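Tertiary structure, described
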Amino acid sequence: MIIVMQAGASRADLDHVVSRVEGLGLRPHVIVGTERTVVAVVGDERNAAAGGMESLPGVASVLPILAPYKVASREVQPEPTIVRSGPLVVGGGRIGVIAGPCSVESREQIVATARAVKEAGATGLRGGAFKPRTSPYSFQGMKEKGLELLAEAREATGLAVVTEVVAPEDVPLVARYADVLQVGARNMQNYRLLEAVGRTQVPVLLKRGPAATVEELLLAAEYILDAGNRQVMLCERGIRTFESHTRFTLPLATVPWLHQRTHLPVVVDPSHGTGHANLVESMAAASVAAGADGLIVEVHPDPKAATSDAAQTIDLPAFTRMMDVCRRVAAALGRDIG
Ligand code: PEP
Ligand code: MN
């Protein structure tokens, strides 16, 4: 349920509501909006009706939250969440662009890519140090050495580092280096991992599982929010369908659908979403046109030589061209990119 506080409610009124909610064995999430402060109450609400919340001082009304996801829902927070990490701003009319290789491979590769994508307008640097690979025999990433190289690239450029964490026990290590923790598609429903990233205050990029519904994506985000981390971005990266001309099918209706139901920003990944370098620019532009709050794109100085996802990786000039097109689409819609 949502407890809506009166405009003139005092801090003591709010604290009282919070302690009553906790006394019922439920968890209160206080959301201070521009218009109103609400307390989203989550947990098993079966005995909450007995709480008599309506009559507490400072309470304006008590409403049910109709969506199965609660803290993620627009009903609870009408204003968009803006995720910020250094120069990377995602949401609220700003389109953040995260670019870089699928995997960190060497100092030269990551630093050269970081400098070039920054020059072209990216504000975030991606690069996997821990790679979830379909085959156990594929390159699994440089692990901590890769994180160190990402930190060097940040030092050189100021870009925010976005990198994947694949296991709950790795969260403290990856969080020491990363500005944004990426939870990959294969881990979208790894609930222990979601809770572990939720216990940090590091922003999270949560990718949609290739066989997950958008409602399941929102419920996965809810694990992170409920654990206390509100800086969550959702990422559409394509789903598995019968279609085989692209690696995955990239459904862009996800973007406006999510915007209608959640305040969390939505990022699109046209690289994994298509699997083909020559489709990335068009789908990046289409994502911006659909209202995406951010893009995450695989870029490499020499895509043919990339150790992972070579076929979908664009080179540095192609990234500059992509940014030019996206900038024009964004401008036409009155939004800023980068
Ligand atoms: C990646 O970003 O390189 C990646 C592994 O993506 P996904 O989890 O979407 O497959
Ligand atoms: Mn990849």
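Further up the page is the structure itself.
None of these values were measured; they are calculated from a predicted model. Along each chain, the written sequence defines residue order, and numbers are assigned to residues from 1. Here chains are named by letter from A upward and ligands by number from 1 upward, in the order in which they appear as written. Where local features are concerned, this predicted model is filtered to residues with pLDDT of at least 70; where side-chain atom pairs are given and counted, the filter is 80 or more; whole-chain, interface and lining totals use all residues. Values reported for side chains reflect all heavy atoms of the structure, with hydrogen atoms and water molecules removed beforehand.

**So, the environment of Leu206**
Put simply, the test is: Put simply, DSSP marks the helices as runs of H or I at least four residues long and the strands as runs of E at least two long, and each gets a number from the N terminus on. Residue burial is assigned from relative accessible area. The probe radius is 1.4 Å, only protein chains are included, and a residue is buried under 20% of its type maximum, exposed over 50%, and partly exposed in between. Contact criterion: two residues are considered in contact whenever any of their non-hydrogen atoms come within 4.5 Å of each other.
Counting through the fold element by element, Leu206 comes out in strand E11 (residues 204-207). On the basis of relative accessible area, Leu206 is assigned to the buried category, the value being 0%. Leu206 has contacts with Val183, Met188, Leu194, Leu217, Ala220, Ala221, Ile224, Met233, Leu234 and Cys235, leaving out every residue within four places of it along the chain.

**Brief notes about the coordination of the manganese ion (ligand 2)**
Put simply, the rule reads: Any N, O or S atom lying within 2.8 Å of the metal counts as a donor, with the limit raised to 3.2 Å for Na, K and Ca; because water is left out of the atom set, some sites can appear incomplete.
Protein coordination at the manganese ion (ligand 2): the donors are Cys102 (SG), His272 (NE2), Glu298 (OE) and Asp309 (OD), at 2.1 to 2.4 Å from the metal. The motif formed by the donor residues of the manganese ion (ligand 2), counted along the single chain, is C-x169-H-x25-E-x10-D. Taken as a pair, Glu298 in strand E14 (residues 294-298) and Asp309 in the loop between E14 and helix H10 (316-332) lie far apart in primary sequence, 11 residues in all. Overall, the relative accessible area of 0% leaves Glu298 in the buried class.

**A few points about the sheet that holds strand E4 (residues 59-63)**
For the record, the criterion: Criterion used throughout: strands pair if DSSP finds at least two bridges between them. Note on method: axes are straight lines fitted to C-alpha atoms, helices fitted across the in-contact stretch only, with angles between N-to-C directions ranging 0 to 180 degrees.
Judged by pairing direction, the sheet is antiparallel, and its 4 strands sit side by side in the order E2-E3-E1-E4 without closing on themselves. Among the strands making up the open sheet, the edge pair consists of strand E2 (27-32) and E4. The sheet shows a mean angle of 20 degrees between the axes of neighbouring strands, taken without regard to direction. Relative to E4, strand E1 (residues 2-5) runs antiparallel, the two being bridged by 4 bridges. Along E4, the bridge assignment pairs Val4 with Ser61. Helix H1 (residues 11-23) rests against E1, E2, strand E3 (37-42) and E4 of the sheet, and its axis sits at about 155 degrees to E2.

**Side note on the site of ligand 1**
Going by this rule: Whether a residue is near a molecule or strand depends on its heavy atoms: it is near if one of them lies within 4 Å of it. Nitrogen and oxygen atoms within 3.5 Å of one another constitute a polar contact, given that in protein one can donate a hydrogen and the other can accept it, and given that sequence-neighbouring residues count only through two side-chain atoms. Method for areas: the Shrake-Rupley scheme with a 1.4 Å probe, in which residue coverage is limited to the protein chains shown. Under the scheme applied here, ten amino acids are nonpolar (Ala, Val, Leu, Ile, Met, Phe, Trp, Tyr, Cys and Pro), four are charged (Asp, Glu, Lys and Arg), and all others, including Gly, are polar.
With respect to spatial proximity, the complete set of residues near ligand 1 consists of Cys102, Arg126, Lys131, Glu164, Gln182, Gly184, Ala185, Arg186, Lys207, Arg237, His272 and Glu298. Within the side chain of Lys131, an N or O atom sits 3.0 Å from an oxygen atom of ligand 1. Taking Arg237, its side chain carries an N or O atom lying 2.6 Å from an oxygen atom of ligand 1. Isolated, ligand 1 exposes 300 Å² of accessible area, and the fraction of that covered by the protein chains is 97%. Looking at the shell around ligand 1 residue by residue, the classes come out as 2 nonpolar, 3 polar and 7 charged.

**Quick look at the nonpolar core**
Rules: Take the buried residues of types Ala, Val, Leu, Ile, Met, Phe, Trp, Tyr and Cys, join any two whose side-chain atoms come within 4.5 Å, and each joined set is a nonpolar core. These domain boundaries are the output of an automatic or database domain assignment.
Formed by 80 residues in total, the largest nonpolar core has its most connected members in Val197, Leu206, Phe319 and Met322. When residues in this core are grouped by element, the largest group, 7 residues, is from helix H6 (residues 214-226). For this core, the domains that each give at least three residues are domain 1 (2-63) and domain 2 (83-337). Not counting the four nearest positions on each side in its chain, Met322 is found in contact with Val280, Glu281, Ala284, Leu295, Val297 and Ile314.

**Regarding helix H5 (residues 191-198)**
For an α-helix, the turn length of 3.6 residues means that residues three or four places apart are oriented alike. For H5, every residue scored as buried is listed here: Leu193, Leu194, Ala196, Val197 and Gly198. Buried positions along H5 lie against helix H4 (171-177), strand E10 (180-183), E11 and H6.

**Remarks on unusual backbone geometry**
Phi is positive for Lys143, close to 55 degrees, though the residue is something other than glycine. By the element assignment, Lys143 lies in the loop between strand E8 (124-126) and helix H3 (144-157). For Lys143, a relative accessible area of 39% corresponds to the partly exposed category. Positioned with a positive phi, Asp309 is a non-glycine residue whose angle comes to about 55 degrees.

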